[in-house]
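Understanding the architecture of this molecule
Okay, here's what each chain looks like letter by letter:
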Amino acid sequence: MAPNTAAGEARTRNHQALTTLPPVKFYEVHQREQLLSVHPDLPLQRMWTFNGTVPGQTYVARYGEPILVRNFNDLPNDNGGFGIQSVSAHLHNGHTPSESDGFPCDFFGQGKFYDQHYPNVLAGFASSHPPLGDIRESMSTLWYHDHRVDFTAQNVYKGLAGFYLLFNDFDTGNENTGFRLPTFPDFDVPMIFNDKNFDPDGVLAFDLANRDGILGDKFLVNGKIQPFFEVKRRRYRFRWLNGGPSRFYRFYLTKSNLTNHPFWIISNDGNLLKNPVQTTSGLMIAVAERMDVIVDFSSFAAGSIIHLENRLEQCDGAGPTNNILPAGQGNKVLEFRVVSDTVTDNSVNPATNPTFYQVPTRVAERITRCFKFDRENGQWIINGKLFDCDDVRFRVKRNTAEIWELEGGRDWSHPIHIHFEEHQVLERNRNTPSLIERGRKDVIRLGEGDDVRIYFRFRDFVGRYPMHCHNTIHEDHAMMLRFDIDDTGNNNEDCDSH
Ligand SMILES: [Cu+2]
């Protein structure tokens, strides 16, 4: 399906699957400036939005129901000091044909629009597991954000991000059916975390000279600075997303007596784990990672206050120090206030060890490729090179499996995101990964000198996709590469080539 350039469409490549997976819902989205409050004590901020809100509208999507989003660029001429008025919206980590994926170089300017087709199909639907795919590869919590090459950090910092939730017959959004996870939206609440800086006049500020990573001193949840949230005495599902730009979090639920309230992790990067994993020692979230958790407030009396607290020390863009601050001395990002309503709770109790999805079995890989993430002359490189839109670093043969070995540099941490398919973490520093990391993921955390082996398949669609650091400052300076999926493949960047 060709682009409608006469009408102002900026898409340059044909839709791969619009006729085979026709959309059943249509959305019109206007990316535009909107004056929004981040805190009652600060002036209204000139945020860049999807349809007027930060975060942008939450998509409630279902497997088997393709949608089409028509994205208009209505951004203003005056950028207020940072941000660029051309955009490419990426759905992270949809199984999306390349031309709709929001490839960083598919950006388009003011007055244009771009049609993005989200098929909402399981990976493998047209290859390994026809016709519907493998239910174990279901995603739940996705997000979308601007991905404009060289300007992603600025544009997302200005507000261009939102949630995209995918449901199916098991993860239904209703606690009386399927896996019986807490009902959306009353007890299933997406939360995006950002840290930002404001100038002495209280206006949102972005340091254009910083190439290491921007740390903010104000902590925002869903676009508000350190808000409160009233909860009932029951279980909730929270979908925690680190929206960046650069900080790593380790979240604890701190009670007023400074002890921890344990909670359950059920999903990593939108992939439900095999079983819930309880934590009493917090939960680390790198930029772009999503962690779905179950928190049970039923043991608290009405009037109780619990803080969501980031206790991970981080002093600069290099990454966290890995010191854990004492309870009560971290960043109190959000205040939960328990209210007295008695409510029924039909959601599954994670302590009963329900089973969600097993990790699919592997097939033999065609090739192992190696990638080293490093720093050179104040820029960020992968295997010695900066990002270039036209440089196809390697070609993946469609419907084959690959192993990638990712190696971190000295002194720096990088959350690495690979578009399109989820990977399985086989080894981290030659050890079996933790229970939380053992599922499927799309962001891999590279701590100082870490090396990880990941496995994935590349199925169904062809075209260009990126791998990049999701510390968006690193990404923009230019820790990213382009790979293409086609029906031939090549062996570039294999482990023997460098
Ligand atoms: Cu990085």
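This text gives an overview of the structure that appears in the document.

As summarised here, the arrangement of the 4 strands in space is β3-β8-β7-β5, forming an open sheet in which the pairing is mixed. Bordering the open sheet on either side are β3 (56-62) and β5 (89-92), each of which pairs with just one other strand. Recorded for the sheet is a direction-independent mean angle of 20° between the axes of neighbouring strands. Pairing analysis gives 5 bridges linking β3 to strand β8 (residues 161-167), with the strands arranged parallel.

Looking now at the sheet that holds strand β26 (residues 414-418). Strand order across the open sheet formed by 5 strands is β24-β32-β31-β26-β29, with mixed pairing between neighbours. The strands lining the two open edges of the sheet, one partner per strand, are β24 (392-397) and β29 (443-446). Direction aside, neighbouring strands of the sheet carry axes that sit 25° apart on average. In terms of strand pairing, β26 meets β29 through 4 bridges, oriented antiparallel.

Relative to the helices and strands, N71 is located in strand β4 (residues 67-73). Of the polar contacts made by the side chain of N71, one reaches the side chain of Q31; its length is 2.8 Å. For N71, the contacting residues outside a window of four places in its chain are V29, Q31, F50, A89, F108, K112, F113, Y114 and Q116.

Attention shifts here to the coordination of the copper ion. Summarising the metal site, the copper ion is bound by the protein donors H414 (ND1), C469 (SG) and H474 (ND1), whose distances to it range over 2.0 to 2.1 Å. Written as a sequence motif, the donor residues of the copper ion are H-x54-C-x4-H. Each member of the pair C469 and H474 is classed as buried.

So, on to the nonpolar core. Within the largest apolar cluster, 32 residues are counted, with the highest numbers of intra-cluster contacts made by F371, F373, W404, L406, I454 and F483. Considering each element in turn, this core owes the most residues, 4 residues, to strand β30 (residues 451-458). The residue makeup of this core includes at least three contributed by each of domain 1 (5-167) and domain 3 (365-497). Apart from the residues within four sequence positions on either side, F373 is in contact with I381, I382, L406, E407, G408, G409, H414, I416, L446, M467 and M479.

Attention now moves to the packing of aromatic side chains. Scanning the model with the defined rule gives 45 aromatic pairs in all. Taken together, a centroid distance of 4.8 Å and an interplanar angle of 75° make the contact between F50 and Y144 edge-to-face. A residue pair is termed long-range when its members are at least 10 positions apart, and F50 in strand β2 (residues 45-50) and Y144 in strand β7 (residues 141-146) qualify at 94 residues. Pair check on accessibility: F50 and Y144 agree, each one buried. Judged by centre distance (5.5 Å) and plane angle (45°), the ring pair of F371 and F394 falls under tilted. One end of the pair, F371, is in strand β22 (residues 365-376); the other, F394, is in strand β24, and 23 residues separate them in sequence. The residues F371 and F394 share a single accessibility class, namely buried. The ring of F107 has R148 sitting right over it, with the charged end atom 3.7 Å from the ring centre. A cation over a ring is seen here: R464 above F103, with NZ or CZ 5.9 Å from the ring centre.

Counted under the stated rule, the structure contains 43 salt bridges. Measuring nitrogen to oxygen at the nearest pair gives 3.6 Å for the salt bridge that ties R46 to D78. Placement of the pair is R46 in strand β2 and D78 in the loop between β4 and β5, with a sequence separation of 32 residues. What makes R46 partly exposed here is its relative accessible area of 34%. Among the charged side chains, a network of salt bridges with common partners joins D269, E289, R290, K441, D442 and R445.

This part is about the pairing of β22. Pairing of β22 with strand β25 (residues 400-407) involves 7 bridges; the strand directions are parallel. Within β25, the position partnered with T368 by the bridge is I403. One ladder, built from 4 bridges, connects β22 with strand β23 (residues 379-382); its direction is antiparallel. Within the sheet, the bridge partner assigned to E376 lies in β23 and is Q379.

Here we take up unusual backbone geometry. The peptide bond linking V54 to P55 adopts the cis configuration, its omega dihedral lying at -5°. For P55, the position within the fold is in the loop between β2 and β3. Cis peptide bonds are those with omega within 30 degrees of zero, and the linkage from H477 to A478 qualifies with 10°. Turning to its location among the elements, A478 is positioned in the loop between α2 (472-476) and β32 (480-486). We note that E493 has phi near 60°; this positive angle belongs to a residue other than glycine. By the secondary structure assignment, E493 is in the segment after β32. Note on E493: relative accessible area 12%, which makes it buried.

Conventions adopted
- Residues numbered from 1 in each chain as written.
- Predicted model: local features only at pLDDT ≥ 70, side-chain atom pairs only at ≥ 80, totals over all residues.
- Heavy atoms only, no water.
- Pairing = 2+ DSSP bridges.
- Helix = DSSP H or I, 4+ residues; strand = E, 2+ residues; numbered from the N terminus.
- Axes fitted to C-alpha atoms, helices over the stretch in contact; angles between N-to-C directions.
- Polar contact = N/O pair within 3.5 Å; in protein donor to acceptor, adjacent residues only side chain to side chain.
- Contact = heavy atoms within 4.5 Å.
- Donors = N, O, S within 2.8 Å, 3.2 Å for Na, K, Ca; no water.
- Buried < 20%, exposed > 50% of the residue type's maximum accessible area, 1.4 Å probe, protein only.
- Core = buried A, V, L, I, M, F, W, Y, C linked by side-chain atoms within 4.5 Å.
- Domains from an automatic or database assignment.
- Phe/Tyr/Trp six-rings, centres within 6.5 Å; stacked < 30°, edge-to-face > 60°.
- Lys NZ or Arg CZ within 6 Å of the ring centre and 35° of its normal.
- Salt bridge = Lys/Arg side-chain N within 4 Å of Asp/Glu carboxyl O.

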